[in-house]
Amino acid sequence: MTASHILLLIGGYFFLLLLISYFTGKNDSNADFFKAGKQSPWYLVAFGMIGASLSGVTFISVPGWVESSQFSYMQVVFGYLVGYFVVAFILLPIYYRSNVTSIYEYLKERFGNVSYKIGALSFFVSRVLGASFRLFLVAIVLQQFVFDAWNVPFEVTVVLSILLIWIYTFRGGIKTIVWTDTLQTLFMLLSVGLSIYFINAKLGWSFTEYINSEELKEYSQVLFTDDFFAKNHFIKSFLGGMFITICMTGLDQDMMQKNLTCKNLKDAQKNMVSFSLILIVVNFVFLLLGALLFIFAAKFDIATPLMDGEPKSDLLFPEIALNSGLGITVAVTFMLGLIAAAYSSADSALTSLTTSFCVDFLGIEKKPANLQKTIRKKTHVWMSVLLILMVILFKYVLDRNVIDGLLTVATFTYGPLLGLFAFGIFTPYKIKDNYVWIVAGAAVLMAIGISNIPPVYLGGYAVGYELLPVNGLFTFFGLYLIRKKHD
């Protein structure tokens, strides 16, 4: 598949998205941009959220992680499931009862303006970094397999990618995203299924033979319980996954904004429960694909592609799909799946960043009605520029598997959010709101300090994703210290 063919495919794909945007963005109102008029069918939201949750990170980075970590990622996924139930039955009722546009408005109602701003800022930083991680991944693939052939600089690739997202989201916002996510999820799952089928066919296996093969057993260990000090121990991974979901879904404006477009709480909960169960199966299939990729690469002597002179396991899937002779069907569906995976999360991230900045920092609902739409559109442009700059920066600073980097960043940035919401929900106390920024800053600094302690000083204990709830606990206890005693 040539670079020209890939570019034509991308063009056709974005034509479909623009068509959806045309029909869903006719109203072009802030109510539709932020909440889709609260008319989204729950099953449509649930299906679309699969793609948004997986993103390009899961599509490429999870299969690429199998070689070094086997199926240990499933330990994190099991934790996700529990986290989704917490979101459905503890957090969603709070948001619907408060009738919020930004979920961080709850913190203002509960504690005060400083807590509100700290919560919104934690999300803003987290989502900018998370969206940039995801966009970086698709940009390096497009660069390696398309734009390098034409000597197009990486920076131009990034600008074009985000410009396309801006074009189909600037009118309809979340209303458009709910529908485009559905299409993108379909393409993503179709791509993975067909890739597994054709790679097995090339190896001369049926799917059943692959599942029972000795080669798969070399990669498929799920539970790691021998060494509690290791980063991938089951308890640490499970707890980390649970709290990552509570924070990156339940305390995240991006994911919750989709849920808040449902007609009522009951529909939103049905969406969350059904989506969480399906997601376990889908993640397991991605790991099966990852093992299959490494088996295939070993059999046909396919080397892991290099990036800046270093092997990059994230690029093995595109290398096999596009350059190993599997046929045009695999190449086309891979590119559709990759584009869908990347943009299904990036477009909603851009929309949620615009929503959060407009509501939480600019107070758009208090502005004159004739200026609100203009403010929203200008903010949408500036959020696009910010993502462009961050993705370009990652090219020069990122030195690890992308999904590992994403989850590691989450342990720092989401900790204050976790502590604030937990203190608000599970205690009756008011707090001295003006001191919250000190508590949040101290909690993050302590978490960063712990993460940088060499395992040798902790008796061999390697700090993993369990640092997120620890960070939340630091915030929680800090808030307890600044509580108002008479309450």
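See the structure printed just above.
For clarity, every value in this text was computed on a predicted model and none was experimentally measured. (Residues numbered from 1 in each chain as written. Predicted model: local features only at pLDDT ≥ 70, side-chain atom pairs only at ≥ 80, totals over all residues. Heavy atoms only, no water.)

Ranked by size, the top nonpolar core spans 145 residues in total, and within it Phe 59, Tyr 95, Ile 199, Met 272, Ile 320, Met 335 and Phe 421 carry the most contacts. Broken down by element, this core gets its largest block of residues, 18 residues, from helix H6 (residues 113-145). (Core = buried A, V, L, I, M, F, W, Y, C linked by side-chain atoms within 4.5 Å. Buried < 20%, exposed > 50% of the residue type's maximum accessible area, 1.4 Å probe, protein only. Helix = DSSP H or I, 4+ residues; strand = E, 2+ residues; numbered from the N terminus.)

Before going further, it helps to spend a moment on a nonpolar patch on the surface. Residues Phe 15, Leu 16, Leu 19, Tyr 22 and Phe 23 make up a contiguous nonpolar surface patch of roughly 540 Å² in combined accessible area. Within the fold, Tyr 22 resides in helix H1 (residues 3-24). Among the residues examined, Tyr 22 registers a relative accessible area of 52% and is labelled exposed. (Patch = residues over 30% accessible without salt bridge, like charges linked within 9 Å, V, L, I, M, F, W, Y side chains within 5 Å. Areas by Shrake-Rupley, 256 points an atom, 1.4 Å probe, with all protein chains shown as cover. Salt bridge = Lys/Arg side-chain N within 4 Å of Asp/Glu carboxyl O.)

Attention now goes to the packing of aromatic side chains. Under the counting rule described, the total for this entry stands at 28 aromatic pairs. On the numbers, 6.3 Å between centres and 70 degrees between planes, the contact of Phe 136 with Phe 154 is edge-to-face. Of this pair, Phe 136 sits in helix H6 while Phe 154 is found in helix H7 (residues 154-169), placing the two residues 18 residues apart along the sequence. Taken together, the aromatic side chains of Phe 111, Phe 423, Tyr 429, Phe 476, Phe 477 and Tyr 480 make up a single cluster linked through ring pairs. (Phe/Tyr/Trp six-rings, centres within 6.5 Å; stacked < 30°, edge-to-face > 60°.)

Attention shifts here to the side chain of Thr 249. Here Thr 249 shows up in helix H11 (residues 234-250). Contacts of Thr 249, omitting those with residues within four sequence positions, involve Tyr 84, Ile 244, Met 255, Met 256 and Met 272. (Contact = heavy atoms within 4.5 Å.)

On to the environment of Leu 336. In this fold, Leu 336 is placed in helix H15 (residues 328-361). Given the relative accessible area of 14%, Leu 336 is considered buried. The spatial distance from the C-alpha of Leu 336 to the C-alpha of Leu 9 is 7.7 Å, given a sequence separation of 327 residues. Discounting residues that sit within four places of it in the chain, Leu 336 has contacts with Leu 9, Tyr 13 and Phe 187.

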